[in-house]
Structure formats: structure tokens, C-alpha cells
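For reference, the chains in residue letters:
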Amino acid sequence: MAFRVLNVAEKNDAAREIARIMSRGGNSRREGMSRYNKIYEYEYNLFGRRCEMTMTSLSGHLMEIEFVVGYQKWHSCQPLALFTAPIEKKVSSNMDGIRKTLEKEIRRCNALIVWTDCDREGENIGYEVIEVCRRIKPRIDIYRARFSEITAPSITRACATLGRPDERTSFAVDVRQELDLRIGAAFTRFQTLRLQKRFPEVLSEQLISYGSCQFPTLGFVVQRYNEIVAFVAETFFKIKVKHSTPDGEAEFNWKRVRLFYRLACAVLHQGCLENPMATVVNQTSKPKSKWRPLPLDTVELEKLASRKLRINAKETMRIAEKLYNQGFISYPRTETNIFPSSLDLTNLIQQQTVDENWGQFSANLLTEGANPRQGRKTDNAHPPIHPTKFTATLNGQEKRLYEFIVRSFLACCSKDAQGIETTVEIDIAREKFTAKGLSITAKNYLDVYPYEKWCDKTLPIYRTGDTFMPTSIDMVEGETEPPSLLTEADLIALMEKHGIGTDATHAEHIEKIKARNYVGVQPDGKFVPGELGMGLVQGYDAMGLEMSQPHLRAELERDLKKICLGQKQKDVVLREHIEKYKEVFVQTCEQVNQLDQALAQFFGEPVQLNEDPVTSQVINSQPVFTCPSCQTQMCMKKTQDKGFMIGCMRYPECTSRAFFPSFVLDAQVTERVCSRCIPRPVYKIKFQFKRGSVPPMMDLEYCTCILCDEYLQEILSFRINASSSVTQRNTSTRRDNGRNNENNNRRGGQMSSTTQSQPRRPQRPPFQPDNHDSNKRPRPPRPENYVLCGCDQRAIIRTVRKEGVNKGREFYTCEKRECDFFLWADEGRGDDQTNQNQANDRRPNLCQCRQQAVVRTVQKAGPNQHRQFYCCSKPSGQACKFFEWLDSERPTSQPPPAQNQRPNRKPRCCGICRQPGHTRNKCPRK
DNA sequence: GCAAGGTC
């Protein structure tokens, strides 16, 4: 049986080229599941045997990381929680075709060779391929091909020296991805949500993002602007000597360049004036070259297009990609500035000989032979940017950029410009002056490269020992000048220098800070900080945080390198950086007023908010509490589906909280007293309920304590029972009546007399957050008037309200809607343990699909009506077929007594005919 | 609605 190998490259171009080299042009091609990623097939000798090779490709990263569902929405959690929120890595939806191709092809293969780019990201992308393939074939043999360029020798060498993928390098990328996501999302949400509310007139629609590359890029612009603003001009003085002759004019510059003291300069100037005769002390002539341009890589193209053509980096890349797709130029995303020896430069130059502007130059170049200047960088994949086909059909910016690429290519393949530089040094009153002249002897590349100037400068002829009387000796005054604002090319150079972003992303980061209104661009192409950008940088600077400095990113880069070298563990780096940024985040929250103040300089006074100082979370209702466990302020807010919540704003770090159910319409804190936890803070809250949600108990007052963390339902059930005159229960099933007693006494006995008659409940220890796992919400202390139901939730007591034999009877039912737990209260009345035992007895089994099985009752008329059975609790579409009768024997023909029926359970009314027993879809009237 | 990194 044939030994098949699946080969995967990072992009289709690379796959095609590697396949062509390995097959010596003899490969076949077929379509894959992704239209951009073809499948190439050929045979190759590998592992000492003839192998059937299948080569396909990706389009960069196959997977993306994202927070799990509960954290994706902006208001779903505190931004602080994003530092620890669970994340997942999965195949991006737009990469589904590629995933399917891999899954399909790996099934028929015996080994996998990863041919992704040989850099850090490439290694990580390789592991994404491995993960997808291992899901299909867990034991597949995996190799890594390492190559420095896509040429026959390099590819052959890679095949002969196949190794294993480097997990550490891939880990480094995992760390970078996770940190970028967590930090970016946390700060972006925090800044945006807060500042939109603080400055609604200006920022209500503004997204205020933070990114580890965006902010340093902004920082460069602001720093240069600040340097200019802070610049103090200094006056300087210098001496200039001129000499005019019939052969030409010479201007001599002072060797001291300039002095900042007028008197000193004046003394020396006076000396020259008193003894003005100049003596030529030295005269030299030497050859001078002006170097031709390097081959174009992406960054160089962006910088030069910005400087020479005034086309910005983003636009340059857009046009370049279009030219590439039309086949006019080579791939424009490359870090290589070395032409590979395999590239046929002569043919490329030949194509350009037909042009009316540079055709003649190209023809001459052919006769001389191409001699490209070579740089030092290679990305192992793509050659420098060069024209691949002649065209004269382009217009506008496309034409300009194409012409620039062609002229750069021809200039690079030509020769340096040559000239003779003459330097003349003279002495006047022991002060030295020099003048320089230039005589160009061969323009060479300059003939085809109009973007650079090199001019002749003719000097009169001087010989050493000559003397002459200067035409003028002047003392001139000048002022030092501030640096100029950054151009886009300057900005890209700074980003490159400090390791901010990559070649492929520089333009995107610049574009992003423009889009966010952090910076603006003047008509002359210079970058100025915008009000928002300036305010953000000033605000963070005022907090003493170096958010806009490149150091933080540089530190991460250093640690990532250590992961690659095995000097540091991935988890350690991740933990350290998360902790560091989390600390920065907390500091930002604590000092966030600095940010407000910085922006207030530009946008006016901010709108006042009720806010938490740590999280700046806006609070909708008063007042603000102090968290008893961490001293952070807590807030009460209305949640979408859970009614009201009082909770620590540092959740989940601090788990102090209390929830109130959704039938509460309004809540108002009236006091801060606790009968049980004094001197701990406790809140007494007055609730209003939706009409009908509880028996006629409107404006019920409820005292709860955050420390004790008790639930509203408990007091509700108590009050309901107390007012319904049901038989007195065992006092142990009642909640803290003693506490109410104390409260009532303090408030002058406002509570009903029923509560006052209850005996005091034993004191329970206050809530101790330190005893809880910070990742889990603490379970509330269990009050005595509920039982645990089978799904481990509380089953609370309710009263049958419907007319009939069971009216007024009480029953336990699970708080959870999905759970069908039901227990008559009088079946175990007076004995809490019995209640619990009964509940436990009725705990559902685990069904076959490991889901809970719940008890249901047969509704349908027939011999089994009212009989109970276990079945899977999943929704019908997903449920397994687990089924088990609850009773061992079949029931008699008589229906079971009424107390075995569940009151008010699932009337199954269709809502059309108002008749129970069928669903809306099956209604005969429909 | 968030990052940065691949790539088409």
C-alpha cells in the first residue's frame, strides 16, 4: 500500500512553489474545499521509500481565540474579570473550508509534514494544523520542514533534515495571543464604557480602544508633539566666509560650526576681520558614491511611497495588493531584501525595455548586466517586491506606484552614482573653514530614479598654500529649531526600531489610531495628536503608568524569546504578565479621575456619575456599600434576568453578593443595621413586587445581610406562610425570627406580630469570603425551610392557590425552572430530616447520557395516566430515550389519590382554544 | 463594539 504524506504550507503560493520544486514541475493540481487553497500531488523519495505527496495550504492562522460565551458581551462581566475569564481556541468560521480539506486529506495519509513559514507565528500555525489533524488521527506521525527560502537547494535540504515541530516557539505565540486579547479587551471596554458616559457630548459614539501596539504608536506621535511644544529655541552665532571668483563661488563653513555665546563668537570674528587674508591649508579630491536603492521589502515600500509619492502606507498596500492580483508585481508582503539567485532578473528587465520612459535605460542595463544591491533580510518565503510584467495600461495612483516599483527595481539592478568630491580647508586668523564641491562623473541609477537628487557643486580651483582675500566674512545669527512632527515614514521607522507590530501590521496600527481619532494627519503628511489621543496619553502618564511607552511590549517580547529558548515556562510568563497588567488595570481604575481630568482639558467638565472607584462601574441606584471582605465599594443594580443584585464589584475576585429575584420591581435601602452581624454592615431593603407575584404582601420589608448572604425567597416563604394561617410549623424550619425581632424592636415594632412570636434562631457564623474558592460562588447557608432537590438546587415551599381539594396545601418545588422536583410539605411536616430524606429518595437517577433524569407524570388518558416515571431532563430534541417507571407495579385502574398529583403543573394549554392537553401546534382550531 | 497576528 502506498505511503502517503500530507504536506501543509502557510499559504497557497508557498505550497505551489514547494510542490513544483519537489516534483520538478511534475505535480498535478486539484481543488480543495477552499477556493484559494489548492491541492498539489506528486511523488517524492522520503523516509527511504517512494511516497505519494499531497501538498495543500492555509491562509495564515487557522484558529482564533475568544472568550467563552458568558464573557463576550460587553456588559456580561466586569472588565477586570477578563484577565481570568476562560478563553477558547477554535477554527475560525472563515477557515472551515481549509479545515475540511485537512480533515479529509489526513484520513488517507500516514504522515504529516508542516511547511509553514519558519518564524514564530509559523510554528504556532503549524500546531493549529497538527491539532486539526490529530482530532482525526491521534497517532499520526508529524514532521517539521525547516527552510530558509523556497529554492530547490533549500527545499531539498529541508526534506533531508526533517525534524519535529517546536512546541516552545508555538507556546510563545499562544502567550502573546492570550495577553493581547485579555489586555486589549479589558482596557478597551473599561475606557470606552467609562469615557462615553463621562463625556457623552463628544464621545458617546466613540470606540476608545487599547492595544499593545496602538498605544505605543500613539505614544510616538504624542512624544514628538510634546518635544516640539517643550522646545526652547537657543540663539547661536557662527562665522561664514564667501569667496567669489570668475571661476565660481565658494562658501566656507566654520569648523567650530557654531557658538552659543555672542561675545566669544564676536571676538573670533573680530580677529578674522582684523587679519582677513585666507590661506589654503589643505585641498583633497576623492571619489564619492551615492548608493543605489536596496531591493524593496514591505516596510521600505511603505516608507518610500509615503515620502516620495505621498501615498500613505495603508493605501500603498491596498494598491500593491491590487497590482499583485493583476500580475503586475510580485507578492507585496515580504520581509526579504535579497534577490534570490534563482530569480531571472534579465528577463524581468527585458520586459521593461518597451517603455518609452525607462525602456532605453533597461536596454542599456541588459548590456551591462544586472547587478542588484543586496540587503540582509529574508523571510524565507517571498522575494523582494519587483515588477513581474510590463504594463502601460494603469492610471492614477496605481500607475505611480507601479512606476515607482519598476524604477526602484531597475535602479537597484544598476550601479551606484559616481562623483569626485573636493574639500578645501582654509585658515583665517587661526580659525579653520571648509568648502566642499562635487563633480558627478556617472549618474548611473539616478538616470532612472528621479526620486533622489545629487547635484554638481563647482568650486573654484584652489591649491595648497594659495592665499586670497575673501569676498565677505560675516558673523551670522541663528536659532536652534525643534524637531519636526513625525511623518508616516518616521512613525514606521520608530515602530520597527522598538518592535511594535510586524512588517505586515505597521500600516494597520497607524490606520487604527487615525480611525479612532487619536491622531490626525496634516496636509503635509505630518502626524499630530488629536484631543482624545493627547488626553489618553496624558491621563495614563499622570497615573504614572507607561501605557503609551514601548517598554511594556518590549518586556513581553523579551519573555517570549525566553519561552522559545526554554529559559522560562509559558505558564509563568503568562501569569506574570497577566498579574502585571491586572495591577495596572486596578491602578487605572483607582486613579481613573486622572484620565477624566486629562480629557476635561479638551472636552470640558465631565458628567458626574455614581461610580465605583475601582471599576468605575456606573451605579443606577443609591446607595453605595462597602464590601465587607475586600473593602471595595459594592453596588446595587438591576440585572436583566435576576432582578436586583447587591454584589462586590470585584466579582469574581471577591464573591460577596446577594441576588434578588426578578419579580422585585424596586428596592430601596432604608437602613444599615444588622441584628445578627453587628458591628458588620448590613442592609435593610424595602421591596416592591410585581402584582400577583406573591400573595397580598405589597411593600414587604425585608432585612438581609450580605455577610449572611441569605435569599429573599426564604423570608418570602416565611411571610407567605405566616400570613396564610397554615398550621404552625416546627420552629426549626423557620428562618431567623429572632433577627426580625431585634429589627422590629429597633424600628418600633413595625413588623407583624406573627414574626415577633417566633423564637430566636441560633446565631450562625458570618459569611467568610476567605473560606471560599474565589472561582466559585459560595453556596448560601442552608435555611431550614427548604430541602435539597435532586438537581442539588433548593426546593422552596409554596402554597396551592388554585380552587380544589388541594387549595391551601403547601408543597416544595425546585427553584430551578427546568427541574420538575415536587414534594408535598405535609408529607414530612414537622421533621426537617424527614423532608430531606424524602427529597433524597426522590433524587433522580443519572440517565444513560449522564444527564439528570427527572420524575414526570403521565398526562395522557389511559391505564398509565398519573403514573410517574423517570426520563431524561434534556429538551426533547436532545433528550436520550432513557425511561424508567417510578413504581414497581402497574397501578390499578383507579387514578392515584389527588395528593399525588402535582398542582398547576404544565396546563399544556395551546393558547388558541384555551383547552389543556395539546400544544399550540396540535390545536384542532389552528 | 474589544487585540494582534497570519493571509486572499
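The structure this text deals with has already been given above.
Note that this is a predicted model, so its numbers are computed, not measured.

For chain A, the helix and strand inventory stands at 23 helices and 32 strands. Sequence-distant contacts, at least 24 apart, represent 65% of the contacts inside chain A between residues at least 6 apart. Surface exposure of chain A reaches about 45,600 Å², of which carbon and sulfur atoms provide 47%.

Okay, the sheet that holds strand β11 (residues 278-290) next. In space, the seven strands of this open sheet follow the order β14-β11-β12-β13-β10-β9-β15, with antiparallel pairing throughout. With partners counted over all chains shown, the strands left at the sheet margins are β14 (467-468) and β15 (472-479), one partner each. Sheet analysis places strand β12 (residues 417-428) next to strand β13 (residues 431-442), joined by eleven bridges and oriented antiparallel. Directly across from Ile426, in β13, lies its bridge partner Phe433. Across the sheet, helix α8 (residues 262-274) lies against β9 (235-245), β10 (248-254), β12, β13 and β15, angled at about 165° from β15, the strand it touches most.

Turning to the packing of helix α1 (residues 12-23) against helix α4 (residues 152-160), a few remarks are in order. With their axes 10 Å apart at the nearest point, α1 and α4 run at an angle of 80° to one another. It follows that α1 is roughly perpendicular to α4 by the angle criterion. Taken together, the residues of α4 that come into contact with α1 (itself represented by Ile18, Ile21 and Met22) are Ala152, Ile155 and Cys159. The class makeup of the residues in the contact of α1 with α4 is six nonpolar, no polar and no charged.

Before going further, it helps to spend a moment on the side chain of Thr169. Along the chain, Thr169 turns up in helix α5 (residues 167-198). Sequence-distant contacts of Thr169, defined by excluding residues within four places in its chain, comprise Arg120, Glu123 and Cys564.

Attention shifts here to the side chain of Thr316. Secondary-structure assignment places Thr316 in helix α10 (residues 313-325). If near-sequence neighbours (up to four positions away) are discounted, Thr316 is found in contact with Leu301, Glu302, Ala305, Ile311 and Leu401.

Another aspect to go through is the protein's contact with DNA strand B. As a structural note, the neighbourhood of DNA strand B is formed by 42 residues, with Lys11, Ser59, Cys213, Gln214 and His509 the closest of them. Restricting attention to atoms of DNA strand B within 4 Å of the protein, one finds that 59% of them are sugar or phosphate atoms. Glu10 is positioned such that a nitrogen or oxygen atom in its side chain is 2.9 Å from a sugar or linking oxygen of DNA strand B. A distance of 3.0 Å separates a phosphate oxygen of DNA strand B from a polar atom in the side chain of Thr505. Looking at the surface near DNA strand B, the elements that each hand over two or more residues are β5 (63-67), α5 and α15 (506-515). Sorting elements by how many residues they give to the surface near DNA strand B places α5 first, with eleven residues.

One pass over the full model with this rule turns up zero disulfides. Free of any disulfide, Cys133 has its nearest neighbouring cysteine sulfur in Cys109, separated by 8.6 Å. Since its relative accessible area comes to 0%, Cys133 is described here as buried.

Taken in spatial order, the six strands make up an open sheet running β2-β3-β4-β1-β7-β8, and their pairing is mixed. The open sheet is flanked by β2 (28-30) and β8 (141-144), the only strands paired with a single partner. Adjacent strand axes in the sheet meet at a mean angle of 30°, parallel and antiparallel pairs treated alike. When strand β1 (residues 3-9) meets strand β4 (residues 49-57), the two strands line up parallel, connected through seven bridges. Within β4, the position partnered with Asn7 by the bridge is Met55. α1 contacts β1, β3 (39-46), β4 and β7 (111-115) of the sheet and is inclined by roughly 40° relative to β3.

Ranked by size, the top nonpolar core spans 67 residues in total, and within it Phe83, Phe187 and Tyr518 carry the most contacts. Looking at this core, you find at least three residues from each of domain 1 (4-165) and domain 2 (174-231 + 486-603). Leave out the neighbours within four places in its chain, and Phe187 touches Phe83, Tyr210, Tyr540, Met547, Tyr581, Val584, Phe585 and Thr588. Within the second largest apolar cluster, 39 residues are counted, among which are Leu296, Phe361, Ile385 and Ile440.

Turning to the pattern of salt bridges, a few remarks are in order. According to the stated counting rule, one finds 49 salt bridges in the structure shown. Asp427 is paired through a salt bridge with Lys432; the nearest N and O atoms lie 3.0 Å apart. By relative accessible area, which is 17% here, Asp427 ends up buried. Among the ionic pairs, Glu511 bridges to Lys514, the shortest N-O distance being 3.4 Å. Residue Glu511 and its partner Lys514 are located together in helix α15, separated by three residues, close to a single helical turn. Each of the salt bridges in this network shares a partner with another, and the network as a whole consists of Asp297, Glu300, Lys303, Lys377 and Glu496.

Turning our eyes to something else, we now look at the packing of aromatic side chains. Enumeration according to the criterion identifies 22 aromatic pairs in this entry. Arranged with centres 6.4 Å apart and planes meeting at 45°, the rings of Phe404 and Tyr449 form a pair that is tilted. Placement of the pair is Phe404 in helix α13 (residues 396-413) and Tyr449 in the loop between β13 and β14, with a sequence separation of 45 residues. With a relative accessible area of 0%, Phe404 lands in the buried category. We classify Tyr449 as buried; its relative accessible area is 1%. Ring geometry for Tyr449 and Tyr451: centres 5.1 Å apart, planes at 80°, overall edge-to-face. Summarising the burial analysis for this pair, Tyr449 and Tyr451 share the class buried. An aromatic cluster is defined as three or more aromatic residues linked by ring pairs; in this entry it consists of Phe83, Phe187, Phe190, Tyr210, Phe215, Tyr518, Tyr540 and Phe585. The positively charged end of Arg164 is found above the aromatic ring belonging to Tyr143, 4.4 Å away from the centroid.

Right, let's get into unusual backbone geometry. The backbone of Arg24 shows a phi angle near 55°, a positive value even though the residue is not glycine. One can find Arg24 in the loop between α1 and β2. On the accessibility criterion, Arg24 (80% relative accessible area) is exposed. Of note in the backbone geometry, Asn444 takes a positive phi value of approximately 45° without being a glycine.

Between its terminal C-alpha atoms α13 stretches 26 Å, which fits the 26 Å expected from 18 residues at 1.5 Å a residue. Of all 18 residues in α13, 13 are buried; the element is thus mostly enclosed.

Now for the packing of helix α9 (residues 298-309) against α13. Direction vectors running N to C along α9 and α13 enclose 115°, while the axes themselves pass 11 Å from each other. In the crossing of α9 with α13, the sense of the turn from one axis to the other is right-handed. Where α9 abuts α13, its residues Leu301, Leu304, Ala305, Lys308 and Leu309 lie against Arg400, Leu401, Phe404 and Ile405. In terms of residue class, the contact of α9 with α13 is made up of seven nonpolar, no polar and two charged.

Relative to the helices and strands, Gly419 is located in strand β12. Between the C-alpha atoms of Gly419 and Lys288, which are 131 residues apart in sequence, the distance is 5.1 Å. Those residues in contact with Gly419 that lie beyond four places of it in its chain are Lys286, Pro287, Lys288, Ser439, Ile440, Thr441 and Trp454.

Moving on to the environment of His866. Tracing the backbone through its elements, the reader meets His866 in the loop between β30 (853-857) and β31 (868-872). Judged by relative accessible area, His866 falls into the partly exposed class, the value being 23%. In this structure the C-alpha to C-alpha distance between His866 and Arg856, which are ten residues apart in sequence, comes to 9.1 Å.

Let us look at the pairing of β9. In this sheet, β15 lies alongside β9 in antiparallel orientation, the contact comprising eight bridges. Its bridge partner lying in β15, Phe237 is registered against Glu477. Hairpin connection between β9 and β10: a loop of two residues separates the two successive antiparallel strands.

Each value, and the rule that gives it
- Residues numbered from 1 in each chain as written.
- Chains lettered and ligands numbered in written order.
- Predicted model: local features only at pLDDT ≥ 70, side-chain atom pairs only at ≥ 80, totals over all residues.
- Heavy atoms only, no water.
- Helix = DSSP H or I, 4+ residues; strand = E, 2+ residues; numbered from the N terminus.
- Contact = heavy atoms within 4.5 Å.
- Areas by Shrake-Rupley, 256 points an atom, 1.4 Å probe, with all protein chains shown as cover.
- Pairing = 2+ DSSP bridges.
- Axes fitted to C-alpha atoms, helices over the stretch in contact; angles between N-to-C directions.
- Parallel < 35°, antiparallel > 145°, perpendicular 65-115°, else oblique.
- Nonpolar A, V, L, I, M, F, W, Y, C, P; charged D, E, K, R; others polar.
- Near = heavy atom within 4 Å.
- Polar contact = N/O pair within 3.5 Å; in protein donor to acceptor, adjacent residues only side chain to side chain.
- Disulfide = S-S within 2.5 Å.
- Buried < 20%, exposed > 50% of the residue type's maximum accessible area, 1.4 Å probe, protein only.
- Core = buried A, V, L, I, M, F, W, Y, C linked by side-chain atoms within 4.5 Å.
- Domains from an automatic or database assignment.
- Salt bridge = Lys/Arg side-chain N within 4 Å of Asp/Glu carboxyl O.
- Phe/Tyr/Trp six-rings, centres within 6.5 Å; stacked < 30°, edge-to-face > 60°.
- Lys NZ or Arg CZ within 6 Å of the ring centre and 35° of its normal.
- Expected span 1.5 Å × (residues − 1).
- Left-handed = near helix turned anticlockwise from the far one by under 90°.

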